[in-house]
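In case you want the letters, here they are:
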Amino acid sequence: MRIAEISSPDLRPSLHDPRPHALSQIQSSLEELDRHPPGTPLRPTLSADLRHSLTQLSSIATPLSNSDKLQVWKVSYRLWNSCVDLSNAAAVHSSSSDSGHRNISDEQHAFIRHVAADLLVLAADVTGIPSPAFKIASFFHKTGLIWHDLGKFELASTCFEKATDLTSKLEISTISGEEERKLLLDLSIARSRTAWEVQDRNLAVNLLNRSKSVLFGCAANYKQLANQYMIFGKTVLSKNETSSVNEALKLMNEALDLCEKGLRIVKRESETLGLKELRSRTLRFIAASHLQKDEFECVLKCVRVLREGGGDHHPSLSVLAMKGWLGLGRNGEAEKELRSMVVDKGVPECVWVSAVELYFQAVGTAGAETAKGVFLGLLGRCHVSAGAAVRVVHRVVGDGVGSGGGRVRAKVVAELVSDERVVALFGGEKAEKERTAMHALLWNCAADHFRAKDYETSAEMFEKSMLYVPYDIPHRILRAKGFRVLSLCHLGLSQLDRAQEYINEAEKLEPNIACAFLKFKIYLQNNHHDNAITQVQAMSTCLDFTPDFLSLSAHEAVACRALPVAIASLALLLNFYSMGKPMPTTEVIVLRTLVTILTQEAGNESEVLKYMKRAHARLTELGPDRFFGKDESGKRERNWFSVNLWNIGARTGKAKNYELCFEFYRLAAEFYGLTVDGEIEENNVMVCKSLILTVSAMIADEKQRKATLLDTEVKNAIELLDRAGKILMSTSTGTRPDDDQFTIEPDFYFIYTLEAYDLHSRLSDTGPQQLSLIKSFASSKSCNPKYLLNIGLNASQGPLSNPEVATFALNACLSALLASPSPDYQSVALIIRRLIFVGAIHRGDTDDEAVYGMYKQAYRIMVGLKDGEYPIEEGKWLATTAWNRAALPVRLGHVDAAKKWMNLGLELAGKVPGMQTYRSCMEDFVSGFEKKLHGNENRPHK
């Protein structure tokens, strides 16, 4: 709303005024507002510029002269009126498509109005303008209302508080103007509403209580304040929380008290009617509040006051009274209220139908007969037509099963619609539309109960719906549909004989795939799996057959745990893919489902392998993109098959079924190696692992069968390992990112090495190749002493042993162990013993120094160790075997060799706890040997 602008002479600031710059900036912004085309957004920085100019103006310490103040008032009014003009123009040009721009424009206008109000504060004590404080407060009040409507409650509260500060300085008794008095009340109520919106309820109620002091004995003010109390009470009551009802009652009672006081001072008839109407509404809400608290006596008291004191005949009073009586358990009084609504023609149909529904819900099954009698009496008194009967039944049925008491209402409706008088309303062609509506209503109610798995109620309602289907040829299909759903209901109730009867009747009227499928379900429920499989095959002969039913049959069979039936259904479905017909789902999904079903029971691995091979054959025929699909879905399908092949291979390997294990891992390698939608090969690591485990399964199967692999099989296995080896090399040379998905665990590299060593040992002239293989593994990051020890032990024994490989692996292992901070001396002792064994067996006496070197190395290792740190038994073995190696040189007279070994045995025995006795004997023998040796040297030669 525009405000009349202030007329004044030319009040331009003098040259010596310190405020010309700020005022000129505001004047410039004002001229921009005047030139601004309507219906377009303002410059975004306009409000900020005005606020900056205002800050500059207020920061000047020199007080404003009265002429300056009048100039400020004039500028403020012009700003306000420009915003009003722009807002009105924007309202004319607004549309639903530019609501976002309109909201932004409204906020800009509110900011400018806020600046206009703040300008007036700078000139609040102006001379020549009547009631300046109230005018400024009015600016802030109107601006605050705009902020409130825009949801900017903090800004609205700021405006209201500034307005309150301006008016609070005046004595209430000195305020005589009607507009000024109304502003005080409006301002207080507006502050209260804003506080309520920001969840500060205590302040909101406190402000309403303060408002009682500015009513000025005006009935309209009493009504306005009472209405605000009632609005707050309704808001609290609408939350439907028990803890909030007391608060709502307090607010409603305040509203009621204000209405009573207003009625005492009212002067005009129109005001009397308004206050009485507000009082009646308040009392009705008070009754509803007591109803939420289950204070039924108070509810009835409120109703009695309204009926007797105010003559209120609002339709809700009968409903409130009925609820009150029902709450007190006085169903007879509640029934009277219900019957009074039937007699009262002023009660709308929706009200008494709702009351009947509430009565049904409250009385329950025990009062169903009474409720039905009331309902039929209601229909009789009102002379209900077929259309009205449909509406009434619709109200009683409610919103379905979830509306509360649905089963009770369904029972009452079933008895009602089966009454001959009601059925007669729908006879003839004239009632065809209503008959169709009644059938649809009952059908939908039955369907709701069916979805809620209340099959008994559902069957009853479907039977009643068929009362509204004529026995003629045009409705033959509808009757068949009814028989089919009845068959479904009795299936749900496990009444299989009745289900069979209904589906037979439906098949007579309309033989189709739906009937064939329901027969299939009945066979499943009866656990007649052979008949069910036969019925699946019969489905494909129906004229309206689609492959969807085979998929659905499989799902039903899985739900009944009839896995052979599900497998038969999916296997039959697979046959349609080779025909090239359009299918509802992809072949890969069917195969995936079939494999999933087969894997639910143990012992089906051979069948799983058969369908996995079929999947591989089909993808070879169609190509990965056509078989799996493209994008991420195709990759997920590929990965599913790959992972399941891997997992089943692991399971069969754990069960020691290595023949199947080999097949599954071989297929897993093939699936992992496929690329979908031109992706970069990311599964090479899994391909490598699958290939390694494939060969492992072949070798394990060979050992289990106690047979020997043929040369062709060995070469095939070597080819598989060659493929794996290339991937291993690519990962070890750093051509892949440093990520877990591109790295292979050391165990697999070790298994690959052992397998390659084993297979190459079966071929001739592969010794150097074996040694190269082990050296390559030893130089890799995957190698550790444990693996080298295993390789060395494996290569040092058996018919296909390789002493060079054993020596290299054991020496490498020994070096790694001795280089560790805490060597495992048990393993060290084992390696030394094995190296001595390899040197003695494979080199014999030709390399005695090498064996002696190993003993000497063992001695050097034992030097400095604590007692028992080096395995005692191994130490004794070293000492005794070294001593025993002197026996042959002694016999042969090789004195130097004998001394060498005997001295070494003595040295080793000195490092082993518990060998003191042995050492004494050894020393005695050595001294005797030397005496004998010297005696021989002094004896004269013949």
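The rules behind each value
Residues numbered from 1 in each chain as written. Predicted model: local features only at pLDDT ≥ 70, side-chain atom pairs only at ≥ 80, totals over all residues. Heavy atoms only, no water. Helix = DSSP H or I, 4+ residues; strand = E, 2+ residues; numbered from the N terminus. Buried < 20%, exposed > 50% of the residue type's maximum accessible area, 1.4 Å probe, protein only. Contact = heavy atoms within 4.5 Å. Areas by Shrake-Rupley, 256 points an atom, 1.4 Å probe, with all protein chains shown as cover. Disulfide = S-S within 2.5 Å. Salt bridge = Lys/Arg side-chain N within 4 Å of Asp/Glu carboxyl O. Axes fitted to C-alpha atoms, helices over the stretch in contact; angles between N-to-C directions. Parallel < 35°, antiparallel > 145°, perpendicular 65-115°, else oblique. Left-handed = near helix turned anticlockwise from the far one by under 90°. Nonpolar A, V, L, I, M, F, W, Y, C, P; charged D, E, K, R; others polar. Polar contact = N/O pair within 3.5 Å; in protein donor to acceptor, adjacent residues only side chain to side chain. Phe/Tyr/Trp six-rings, centres within 6.5 Å; stacked < 30°, edge-to-face > 60°.

Student: Residue-level account of the overall build of the protein, with values.
Tutor: Scanning the protein from N- to C-terminus turns up 44 helices and 0 strands. Per-residue burial over the protein gives 45% buried out of 942 residues. Considering only contacts within the protein whose residues lie at least 6 apart along the sequence, 66% involve residues at least 24 apart. For the protein, the computed accessible surface area is about 47500 Å², with 52% contributed by carbon and sulfur atoms.

Student: Lay out the state of the cysteines with the relevant residues and their values.
Tutor: Applying the stated criterion across every chain, the model contains 0 disulfides. Between Cys515, a cysteine without a disulfide, and Cys542, which holds the nearest cysteine sulfur, the sulfur-to-sulfur distance is 8.8 Å.

Student: Describe the pattern of salt bridges, with residues and values.
Tutor: Counted according to the given criterion, the structure contains 36 salt bridges. A salt bridge links Lys162 to Asp118; the nearest nitrogen and oxygen atoms lie 3.1 Å apart. One end of the pair, Lys162, is in helix 6 (residues 153-168); the other, Asp118, is in helix 4 (residues 99-122), with 44 residues separating them in the sequence. When its relative accessible area of 31% is taken as the criterion, Lys162 is described as partly exposed. Across the pair Arg407 and Asp454 runs a salt bridge, and its minimum N-O distance is 3.5 Å. On the criterion of sequence distance, the pair formed by Arg407 in helix 18 (residues 406-417) and Asp454 in the loop between helix 20 (432-451) and helix 21 (455-465) is long-range, its members being 47 residues apart. On the basis of relative accessibility, which here comes to 47%, the residue Arg407 falls in the partly exposed class.

Student: Any details on the side chain of His114? Residues and values, ideally.
Tutor: With respect to the helices and strands, the residue His114 is situated in helix 4. Non-local contacts of His114, meaning those with residues more than four positions away in its chain, are made with Arg51, Phe140, Thr143, Trp147, Leu155, Cys159 and Lys162.

Student: Outline the environment of Val851, supporting the account with residue identities and numerical values.
Tutor: The topology assignment puts Val851 in helix 40 (residues 848-862). Placed 31 residues apart in sequence, Val851 and Ala882 show a C-alpha to C-alpha distance of 9.8 Å.

Student: Describe the packing of helix 22 (residues 476-492) against helix 24 (residues 513-525), listing the residues and the values that go with them.
Tutor: Close contact between helix 22 and helix 24 brings their axes to 11 Å; oriented N to C, the two are set at 15°. As summarised for this structure, helix 22 and helix 24 are arranged roughly parallel, according to the angle between their axes. Considering the relative orientation of helix 22 and helix 24, their crossing is left-handed. Only Ala514, Cys515, Leu518, Lys521, Ile522 and Gln525 of helix 24 make contact with helix 22, whose side of the interface consists of Arg484, Ser487, Leu488 and Leu491. Residue composition of the contact of helix 22 with helix 24, grouped by class: 6 nonpolar, 2 polar and 2 charged.

Student: Can you break down the side chain of Gln770 residue by residue, with the values?
Tutor: In this fold, Gln770 is placed in helix 36 (residues 767-778). A polar contact is formed between the side chain of Gln770 and the side chain of Asn802, at a distance of 3.1 Å.

Student: A description of the packing of aromatic side chains should follow, citing residues and the corresponding values.
Tutor: Under the criterion given, the structure shown has 28 aromatic pairs. On the basis of an interplanar angle of 45° and a centroid distance of 4.6 Å, the ring pair of Trp80 and Phe139 is categorised as tilted. Taken together, the positions of Trp80 in helix 3 (residues 66-93) and Phe139 in helix 5 (residues 132-149) put the pair 59 residues apart, joining distant regions of the chain. Both residues of the pair, Trp80 and Phe139, belong to the buried class. Each ring, one from Trp443 and one from Phe462, has its centre 4.8 Å from the other, and the planes form 75°; the classification is edge-to-face.

Student: Describe the packing of helix 8 (residues 201-211) against helix 9 (residues 219-238), and please don't skip the residues or the numbers.
Tutor: As a packed pair, helix 8 and helix 9 sit with axes 10 Å apart at the nearest point and diverge in direction by 160°. Classed by the angle they form, the pair helix 8 and helix 9 counts as roughly antiparallel. Once helix 8 is placed against helix 9, the crossing between them reads as left-handed. Here Arg201, Ala204, Val205, Leu208, Asn209 and Ser211 of helix 8 come into contact with helix 9, specifically with Leu225, Gln228, Tyr229, Phe232 and Val236. Looking at the contact of helix 8 with helix 9 residue by residue, the class counts come to 7 nonpolar, 3 polar and 1 charged.

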